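Residue strings, one per chain:
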Amino acid sequence: ITIAVLAERAMGESRVAATPETVRKLAGLGARLVVESGAGKGAGISDEDYHAAGAVIASADVAAGAQIVLGVQGPDPALLASAASGAWVVASLDPFGQRGRVDAYAAAGLEALAMEFMPRITRAQSMDILSSQANLAGYKAVLVAANLYGRAFPMMMTAAGTVSAAKVFVMGVGVAGLQAIATARRLGAQVSATDVRSATKEQIQSLGAKPIFVENVAGIEGEGAGGYATEMSPEYQKAQAELVSSHIAKQDIVITTALIPGRAAPRLITDAQIATMRPGSVIYDLAVAQGGNVEGSLPDQVVERHGVKIVGYANTPALLPADASALFSRNLFNFLSAFWDKEQGRPVLDEEIGNAIRLTQGGQVVHERLKG
Ligand code: NAD
């Protein structure tokens, strides 16, 4: 079997879908690896590194004859014209944002597998690209915010006087939010956090941060299928807005991470609330690519409103290309190796995971969430 690794073409995408480590491991399973020249450049990996790990380096028609094509983001279907018939395209495919591309994969007879649809079940944890990338994003968001902030994070007592600790508020305590809390705490900030899932209260406390929660409102339990958030009642949203308003005016840094699967990100901060913050404060909107938690945030821009900087990098994991690539690549390797069929010399999916991630097959769009 031939596995091709393409260089990423999207603007600002510095990651790569395989590292020398995973190339070696995939070769160990019996695969032949073809890596596009320059694919690892953004992550500090040279063609020689891939070659030494056992890959063939190609400059043109990289997917020729490949039965599996790996990407971070979905590759342009035009690059896959000479792939084997029914070849797998394994990447983060953004099927709602890139529906036209999914249709093109179907028309080309490719089997597109969206890694971000991996079910959140125990045996698939090591294949979960959303978690591995969100964790790094939560960390980096705090560092970027700290850099843009004109003051220090930790309290410092000096001969020239005392510098007070920064107040950091994390909204949305999933994988990214937990890492943001931990990172801000390590830097010495005073941290508080909120979520709609009450199970996060204990997690916030265990990291040494203060939970800020709406109490005594109908529809309070915001936990739905698979441990994800659900959309909240109007009463809850109103109570949450009031609570946030009084709290946010006292914060220096706000990191927002709130997502609801299959929907636009919930709006958590309005322009009027931003106006109550102290000038020089920084907001980092990690949900900007899903529509944003913060009014006025824009993808890949730092916007200033009322003296407050609003950061909206759409691809925060790409700011840590080496680690993000290493973890993403391991997620892909763990996925392929878990399903490796020794007799066929290639992976064969089971029904549970296959149905969850398969978007196209046999010339059709087959995923439930994309039909109709
Ligand atoms: P996510 O990226 O979908 O959302 C981020 C956070 O935003 C979530 O905690 C969510 O509850 C919160 N949120 C949504 N609406 C909000 C609102 N209006 N106000 C405040 N917060 C809001 O979440 P995630 O990081 O992918 O994690 C979701 C859950 O899945 C967590 O419980 C996580 O531990 C769990 N998880 C399980 C596995 C596994 O078992 N394989 C893997 C990863 C994550």
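Coordinates for the structure precede this section.
Scope of this entry: the structure provided in the associated data block. This is a predicted model, so every value here is computed, not measured.

Of regular secondary structure, the protein possesses 10 helices and 19 strands. Its C-alpha radius of gyration of 22 Å places the protein within 12% of the 21 Å reference for a compact globule of 372 residues. By principal-axis analysis of the C-alpha atoms, the protein measures approximately 65 × 50 × 35 Å. Taking contacts inside the protein between residues at least 6 apart in sequence as the whole, the part at least 24 apart equals 62%.

In this structure, Val69, Leu70, Val89, Val170 and Ile255 are the most contacted members of the largest nonpolar core, which totals 108 residues. Per element, the largest residue contribution to this core is 9 residues, and it comes from helix H4 (residues 129-148). Leave out the neighbours within four places in its chain, and isoleucine 255 touches Ala141, Val142, Ala145, Val168, Val170, Ala180, Tyr284 and Leu286.

To continue, consider helix H1 (residues 20-28). Within H1 the residues assigned to the buried category are Pro20, Thr22, Val23, Lys25 and Leu26. Among the structural elements, strand E1 (2-5), strand E2 (32-36), helix H2 (47-52) and helix H9 (321-338) are those in contact with the buried residues of H1. Once H1 ends, the next one or two residues include glycine 30, with phi positive near 110 degrees.

Read across the open sheet, the 6 strands follow the order E3-E2-E1-E4-E5-E6; overall the sheet is parallel. Looking at strand neighbours, the two that pair on one side only are strand E3 (56-58) and strand E6 (111-114), the edges of this open sheet. Strand after strand, the sheet turns through a mean of 25 degrees between neighbouring axes, direction not considered. Here E1 runs beside strand E4 (residues 68-73); their pairing, made up of 3 bridges, is parallel. In the sheet register, valine 5 faces E4, and the bridge partner there is leucine 70.

A word on the site of the ligand. Surrounding the ligand, one finds 28 residues, the nearest of these being Gly172, Gly174, Val175, Ala229 and Ala258. Those elements that place two or more of their residues in the shell around the ligand are H4 and helix H5 (175-186). Looking at side-chain class alone, the shell around the ligand contains 16 nonpolar, 8 polar and 4 charged residues.

Another aspect to go through is the sheet that holds strand E9 (residues 167-171). Overall, mixed pairing links the 7 strands, which are arranged E11-E10-E9-E12-E13-E15-E14 in an open sheet. The outermost strands of the open sheet, each flanked by one partner alone, are strand E11 (210-211) and strand E14 (302-305). Pairing of strand E13 (residues 282-285) with strand E15 (residues 308-311), which is carried by 3 bridges, proceeds in the parallel orientation. What sits directly across from valine 282, in E15, is lysine 309. Lying over the sheet, H4 contacts strand E12 (253-256), E13, E14 and E15, oriented at roughly 155 degrees with respect to E13. Contacting E9, strand E10 (190-194) and E12, H5 runs over the sheet at an angle of about 165 degrees to E10.

To continue, consider helix H7 (residues 234-248). Helix length check: H7 (15 residues) gives 20 Å between terminal C-alpha atoms against 21 Å at 1.5 Å per residue, within 8%. Every buried residue of H7 is listed here: Gln240, Val244 and Ile248. An end-on view of H7 places all buried positions within 50 degrees of arc, on one side of the element. For H7, the exposed residues lying more than 90 degrees away from the buried face are Glu242 and Ser246. Of the surrounding secondary structure, the elements contacted by the buried residues of H7 are E9, E12 and helix H8 (271-275).

Here we come to unusual backbone geometry. Despite not being glycine, aspartate 94 shows a phi value in the positive range, around 45 degrees. Looking at the secondary structure, you find aspartate 94 in the loop between strand E5 (88-92) and helix H3 (99-107). Since 15 C-beta atoms lie within 10 Å of it, aspartate 94 is described here as partly exposed. You will see that aspartate 300, though not glycine, has its phi angle at about 60 degrees, which is positive. In this fold, aspartate 300 is placed in the loop between E13 and E14. Using a count of 13 C-beta atoms within 10 Å as the deciding quantity, one classes aspartate 300 as partly exposed.

Right, let's talk about the environment of valine 294 for a bit. Relative to the helices and strands, valine 294 is located in the loop between E13 and E14. Sequence-wise, valine 294 and valine 311 are 17 residues apart; in three dimensions their C-alpha atoms are separated by 9.7 Å.

A word on the pairing of E4. The buried fraction of E4 is high, at 6 of 6 residues. Across 4 bridges, E4 lies against E5 in parallel orientation. For glutamine 73, the partnering residue across the bridge sits in E5 and is serine 92.

With respect to the helices, strands and loops of the structure, arginine 9 is situated in the loop between E1 and H1. A tally of 11 C-beta atoms within 10 Å means that arginine 9 is categorised as exposed. Through-space distance from the C-alpha of arginine 9 to that of proline 154 is 40 Å; in sequence the pair is 145 residues apart.

Scoring rules and cut-offs
- Residues numbered from 1 in each chain as written.
- Predicted model: local features only at pLDDT ≥ 70, side-chain atom pairs only at ≥ 80, totals over all residues.
- Helix = DSSP H or I, 4+ residues; strand = E, 2+ residues; numbered from the N terminus.
- Rg over C-alpha atoms; globule rule 2.2 N^0.38 Å.
- Contact = placed C-beta atoms within 7 Å.
- Core = buried A, V, L, I, M, F, W, Y, C linked by C-beta atoms within 7 Å.
- Buried ≥ 20, exposed ≤ 12 C-beta atoms within 10 Å, placed from the backbone.
- Pairing = 2+ DSSP bridges.
- Axes fitted to C-alpha atoms, helices over the stretch in contact; angles between N-to-C directions.
- Near = placed C-beta within 6 Å.
- Nonpolar A, V, L, I, M, F, W, Y, C, P; charged D, E, K, R; others polar.
- Expected span 1.5 Å × (residues − 1).
- Arc of directions from axis to C-beta.

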